[in-house]
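# Chain and residue survey
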Amino acid sequence: MSEEKTARCECIIAHPTEAKFMVVHHDGGQWAPPTVMLPEDRNFSRNYSRISAGIFETYGMKVGVLRHLAQTPGYHCVELEMLREGAARPLKAVWAGREEYFKVRDPARGQGDAFTQWLETSAQQSIPAERPPWETKGWLKRAAGWIDEQLSRHHLRMTSDPEQYKVWQSSAVLRVETTGGRHWFKAAFPGAVNEAGLTRFLAGSWPELVPRPLAVNRKHDWQLNPDYGLPAGAADHPPDYAPAIQAMARLQIESTAYHDDWKRLACADFKPARLVAFMQELLAADSELWSGDEALVKAQASGLERLFDRLSADSERLASYSIPVTLVHADFRAGNLFPRDQGFWLVDWDGAMVSHPFFSLVHFLKALEGTDAAGGLAIPGRLDKPESLRLK
C-alpha cells in the first residue's frame, strides 16, 4: 500500500487594520506563519475543515478559510480569518509587514511568492467584483448568525460551529450539526441564477421532485436544508432511475408556462440559438483573451471553429423538432438525486438555465454508455429497462 501524499500548508492570518500577517514562534526557535500538514486532495476545499481543525489543535486559534492563494507540488498557501479573538493557549506571535518580511524572505520563493502577492493586494481598499462573498472577511460569521436564527425558528440549535465543507467559485456549502440532526447551508454566487428562490419556487410547484428548503434568503441566495442521506449514485444497489427521468420530463413539460418566473429568478438564457451567438462572440473576441504559446492558441482557435460548425448544425437540427425551450437542470445526475419513499429528491439547481430540454439528460445518456460527464458519481444499475433505452 502506497503512503498517503501530504502537503505543507502555510496560512496567512491578517492584521485587523494593517497590511501585515501573523508570524508565530515555533518549537526549535524559528519564526514562521502558522502551518499545517494536509493530505493531497483534488478538491482542495475538502481540506478547509482540516485546516481549521489543525490550526486550533496546534495554535489554539479559531479560524475559517477565506481563500486558497497558491499551490505547487507539496505546498499550499491559504488566507484565514480569525473567528474569535485570541488563542486558547499561550502563543508567541508578531505581525510582519512588507519591510519585516523582506528582511527574512527566502529568495528561493521566487516571483510567485504568495506572501509577497498578498502584501501587495492587501493594501488595496477595493475588493474585486469577481471575488465570491465567502472569500471576504465577516461572511462566515454572518452566515452562522443567519443559520442560528433560522434554526431557532424551528426550535433547533447548532451543536457546533458550521464547518466549511466544499467551496467553489460558484457556491459554498457548510455542514451544520444541530439538535435535530445534520443540516446543510448553501450560498450561491450573486448575479447568477437565484438558486435559493428557484428551489423554493420549484418545491412549491413540483414537491414530488424538489424538496422545500428549511429556510431561504433570496437577497443573499442562501438556503438551509436538512440532510437527505446518501445520493442515489452511492447506493450499494442502485435504484431504478427511470422514475427520476420521467419526473424531470414532467417538470420540464409543465414548466414551459413559467418563462417569466425563470427570467425573474435570473435563469440564464442558453437557447440553442443563443449558444451559437455566444460561440460567435467568443471566436471574435480580442486576442488578449487567448493564453499560452502561439501554437497552442492556434490549436484552440481551430478547435473552437470546428466546434462552432458542429454546434450550428446541431442547433438547427434541434430547432427542427419544434420542441419548446424550458427549464434545464445543468447537472442532472445520480450525485444530485436522493432516494425517498416515493421517487427521488433532485437538488443543486445553481446552474439552472432556459434551454432545450434534451440537455438535462446529457449526464444520464453518457451514463448509459458507461461514462459520467460531470466526473462525479457514475450511474450503474437497472438502466436497461425499455423506458430507459427509449430515452437513449
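Higher on the page you've got the structure.
Below is a summary of the structure that appears in this document. Owing to the predicted nature of the structure, the values given are computational and were not obtained by experimental measurement.

Moving on: the nonpolar core. If you look at the biggest cluster of nonpolar residues, it comprises 34 residues, and the most contacted ones within it are Ile-51, Ile-55, Leu-80, Trp-139, Ile-147 and Phe-185. Per-element tally for this core: the top contributor is helix α4 (residues 139-153), with six residues. Discounting chain neighbours no more than four positions away, the residues touching Ile-55 are Cys-11, Pro-34, Val-36, Gly-60, Met-61, Val-63 and Leu-80. Within the second largest apolar cluster, 29 residues are counted, among which are Leu-202, Ile-245, Trp-262 and Phe-332.

The next thing to look at is the pairing of strand β6 (residues 75-82). In terms of residue burial, β6 counts as a mostly covered element, since seven of its eight residues are buried. Across six bridges, the pairing between strand β1 (residues 6-13) and β6 is parallel. Note that in β6 the partner of Cys-9 across the bridge is His-76. Note that strand β5 (residues 63-72) and β6 share eight bridges and pair antiparallel.

For an α-helix, 3.6 residues make a turn, and residues three or four places apart therefore share a direction. Over its 15 residues, α4 extends 22 Å from the first C-alpha to the last, a length consistent with the 21 Å expected when each residue adds 1.5 Å. At its buried positions, α4 is contacted by β5, β8 (163-167), β9 (171-178), β10 (181-188), β11 (215-217) and β12 (222-226). With its phi angle positive at about 60°, His-155 sits one or two positions after the end of α4.

Under the definition given, this model contains 15 salt bridges. Of the charged contacts, one joins Asp-161 and Arg-84 as a salt bridge, the two residues approaching to 3.0 Å between their closest N and O atoms. One end of the pair, Asp-161, is in the loop between α4 and β8; the other, Arg-84, is in the loop between β6 and β7 (93-96), with 77 residues separating them in the sequence. You can call Asp-161 partly exposed: its relative accessible area is 37%. Residue Arg-84 is classed as partly exposed on the basis of its relative accessible area, which comes to 49%. Here Lys-186 and Glu-195 are joined by a salt bridge, their closest N and O atoms 3.1 Å apart.

Quick notes on the rules
Residues numbered from 1 in each chain as written. Predicted model: local features only at pLDDT ≥ 70, side-chain atom pairs only at ≥ 80, totals over all residues. Heavy atoms only, no water. Core = buried A, V, L, I, M, F, W, Y, C linked by side-chain atoms within 4.5 Å. Buried < 20%, exposed > 50% of the residue type's maximum accessible area, 1.4 Å probe, protein only. Helix = DSSP H or I, 4+ residues; strand = E, 2+ residues; numbered from the N terminus. Contact = heavy atoms within 4.5 Å. Pairing = 2+ DSSP bridges. Expected span 1.5 Å × (residues − 1). Salt bridge = Lys/Arg side-chain N within 4 Å of Asp/Glu carboxyl O.

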